[in-house]
Amino acid sequence: MPEIEQESLFRIDKSACVRCYNCMRSCPVNAIVIEEGKTKPSILEKRCIGCGRCFVVCDSGAVSYRNSVDEVDKFLQGEEDVIALLGPSIAAEFTDITDYRKLVAMIQALGFSHVQDVSFGVDLVAKGYAEFTRNFKGKYYLFANCPVVVNLVKKYHPDLLGNIAPLVSPPVAAAGVVREKYKGKDVKVVYFGPCIASKDEIGEYHGSRAIDANITFLELRELFKRYGIDEKNYEYEEFDEPLGYKGALYPISNGILQAGSIDESLLSGNVISADGHNDVMEAIEMFEKQGEEIKHHLNLFFCEGCVMGPGMQKRGEKFYRMAMITDFASRLLQDFDYTQWQKDIEHFQLVNLHRTFVADDQRLEEPPEEEIARILALVGKKDAPNDSGCGMCGFRSYREFAVMVSHGLAEPEMCVDYALRVKEERIKILTDSNRKLARDQRALLREVKESRQEINMAREARERAEVVLFQMNAGVVIVDHEFNVVESNQAFIDMLGEETREIAEIVPGLIGADLKTLLPHSFHNVFNYVFEQDQPVLNKDIQMDERLLNISVFPVRSKTVVGAIVRDMFRPEVQQEEVINRMTEVIDENLAMVQKIGFLLGEGASKTEKMLNSIIQSYTNKK
Ligand code: SF4
Ligand code: SF4
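Residues numbered from 1 in each chain as written. Chains lettered and ligands numbered in written order. Predicted model: local features only at pLDDT ≥ 70, side-chain atom pairs only at ≥ 80, totals over all residues. Heavy atoms only, no water.

**Student:** Describe the site of ligand 1, naming the residues involved and giving the relevant values.
**Tutor:** In the neighbourhood of ligand 1, the contacting residues comprise Ile12, Cys17, Val18, Cys20, Tyr21, Asn22, Cys23, Pro41, Cys58, Ser60, Ala62 and Val63. Here the shell around ligand 1 is built from residues that sort into 10 nonpolar, 2 polar and no charged. (Near = heavy atom within 4 Å. Nonpolar A, V, L, I, M, F, W, Y, C, P; charged D, E, K, R; others polar.)

**Student:** Give a description of the domain arrangement of the protein that names residues and reports values.
**Tutor:** As a measure of interface size, the accessible area lost when the parts come together is often cited. Structurally, the protein comprises domain 1 (1–66), domain 2 (73–236 + 243–361), domain 3 (472–570) and domain 4 (576–622). In this structure, domain 1 and domain 2 have C-alpha centres spaced 26 Å apart. Every contact between the two is made by 19 residues of domain 1 and, on the other side, 19 residues of domain 2. Buried area between domain 1 and domain 2, both sides added, is near 1,700 Å², and the carbon and sulfur share of it is 57%. When the buried surface of domain 1 facing domain 2 is broken down by residue, Ile49, Tyr65 and Arg66 rank first, second and third, together holding 33% of it. Scanning the region where domain 1 abuts domain 2 turns up 3 salt bridges. The shortest N-O distance in the salt bridge between Asp59 and Arg315 comes to 2.7 Å. For the pair domain 1 and domain 2, the number of links is 11 residue pairs in polar contact (both at pLDDT 80 or more). (Domains from an automatic or database assignment. Contact = heavy atoms within 4.5 Å. Buried area = accessible area lost by both parts, 1.4 Å probe. Salt bridge = Lys/Arg side-chain N within 4 Å of Asp/Glu carboxyl O. Polar contact = N/O pair within 3.5 Å; in protein donor to acceptor, adjacent residues only side chain to side chain.)

**Student:** Could you give me a rundown of the site of ligand 2, with the residues and numbers involved?
**Tutor:** As a structural note, the neighbourhood of ligand 2 is formed by Phe10, Cys27, Pro28, Val29, Ile32, Ile43, Cys48, Ile49, Gly50, Cys51, Gly52 and Cys54. Residue composition of the shell around ligand 2, by class: 10 nonpolar, 2 polar and no charged.

**Student:** An account of the sheet that holds strand β7 (residues 187–193) is requested, with residue identities and associated values reported.
**Tutor:** With parallel pairing, the 4 strands of this open sheet are ordered in space as β6-β5-β7-β8. Every interior strand has two partners, whereas the edge strands, β6 (114–117) and β8 (213–216), have only one. Sheet twist, expressed as the average angle between the axes of neighbouring strands with direction ignored, equals 25°. Of the strands in this sheet, β7 and β8 are in contact with helix α10 (residues 217–227), which crosses β8 at around 90°. (Pairing = 2+ DSSP bridges. Helix = DSSP H or I, 4+ residues; strand = E, 2+ residues; numbered from the N terminus. Axes fitted to C-alpha atoms, helices over the stretch in contact; angles between N-to-C directions.)

**Student:** How would you explain helix α6 (residues 119–134) if you had to name every residue and give the values?
**Tutor:** Counted at 1.5 Å a residue, the expected span for α6 with its 16 residues is 22 Å, and the 22 Å between its end C-alpha atoms agrees. Of all 16 residues in α6, 12 are buried; the element is thus mostly enclosed. Every buried residue of α6 is listed here: Ser119, Phe120, Gly121, Val122, Asp123, Leu124, Val125, Ala126, Gly128, Tyr129, Ala130 and Thr133. Of the surrounding secondary structure, the elements contacted by the buried residues of α6 are β6, α8 (170–181), α11 (255–259), β9 (271–275), β10 (297–301) and α14 (338–347). (Expected span 1.5 Å × (residues − 1). Buried < 20%, exposed > 50% of the residue type's maximum accessible area, 1.4 Å probe, protein only.)

Below, the structure written as structure tokens:
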């Protein structure tokens, strides 16, 4: 399931977000943040002014706005008449439809009972602005047609609330007109426009000015698709009356001035028009700081005129669209019944165009200067002039960026310069550690090679030892500290008899066998002693059955492995060997004494020695 934020006008589907952060950079009021511990952006609805820039710049389709198509569809399925209010920007959006009258017919085909051009609402509102400008009473106003501009003032310039012209926007005026016209009837009113912020704006009006749903031109296209509406199937139809006059020029920023015949002369006029988010924000800031010096009302549109509204197809060409609007307005004015229009304007004067505003202050407290300085130093902009900035992060100055960082509404990494520096440092650390790793790897390979050589040498030595071990006449056994046999030779196995030989056929070398089950208890003590004392016991004679075994036990690995050499003293070759050994011992032990005796007896002593040596020699030869 896509993770979609609830209840907001705009949403970001995190699963579709590719983390390009275009939305964050394009948001003019920093309403999009990356929450702590997350990597994908979220919209702070309270801060959002509904401009739709995030939606327009998001090419991955992660940003979307509240869709009202189903709601309108439901109205169309209901009993009540549904009236369409059509914004004049249609001429800039539906350039693929040959004539506006076809569009009217297509909307009727959807099930709308009436199609009203909002241009007449523009004419009414323009008249209101004309009053303000002509009867100047010492107060300059910000025109309140663009809901985004109104939101911007309410949230970020609430001190200017009293300077917003207290007039409704044209769609609301048009709603007042149709509500008046169809007074007493249960009707639903749906506004089709290029704006997304107006979806929230309509929520402020009820009763005689209520708009029940607002869908964008993009959503209107969705409806056409859903209902399979194609222009080739329809004949021309006209808008319902009252028809607008120059109100059709409204999508071009100064169109409302022309609709109200408001003086646009640079010399005699008192209204400045501005559009596009940069100019509008700057104009409002100037108006707040130096309104009394500027001495002009401001006619403002956050987009570059409604011809470039976010609810229209993306990447529209502004000047082509403007041409489409003027063409549309000219066609409406051919054979225009001006007298009827004047009567209509007169009649609908009773529509209430007045409105009030409530502040929704979202300004942030200025952080302490030291905090700003710390952040600027972090991103390497400590010495940059106060109002300078590269604009890459979407903030207008380094200082503004630092303020946002201190409030947790921006990340230092959004500074491209800083992010690159951090990346370079990381690359350097990685390169260094890669080099070190390569060095370590080479050393390791050397060690592995040496170890292999050592292992081979050890294996060869072991093989040689095994050969020697197995060729010995004496029995050899090696056991671990639990008395399990680690190694034993054939002589040892033979020494223990037939039963042990059979075991050895199944378990070669008796490896793993318990020595305690193979040798009598008297042997265990000797092994135990060697394990405990870590000292050898040599040449110990132990009786086993009818045999006398001579055993030497010695530590192989301190207290964990011991080895034993066992000789059967009754075997002839052992007897001979033992006689030789023991006679050699006798000779050695008594040598001093023999020498003394020899010294005393002269030649007799050396004869004794010779005699003993000859006995030894004779045994050795036999062997
Ligand atoms: S513009 Fe779209 S894809 Fe890019 S960060 Fe914003 S939501 Fe994600
Ligand atoms: S609609 Fe505008 S103000 Fe709101 S989050 Fe998107 S870019 Fe920011």
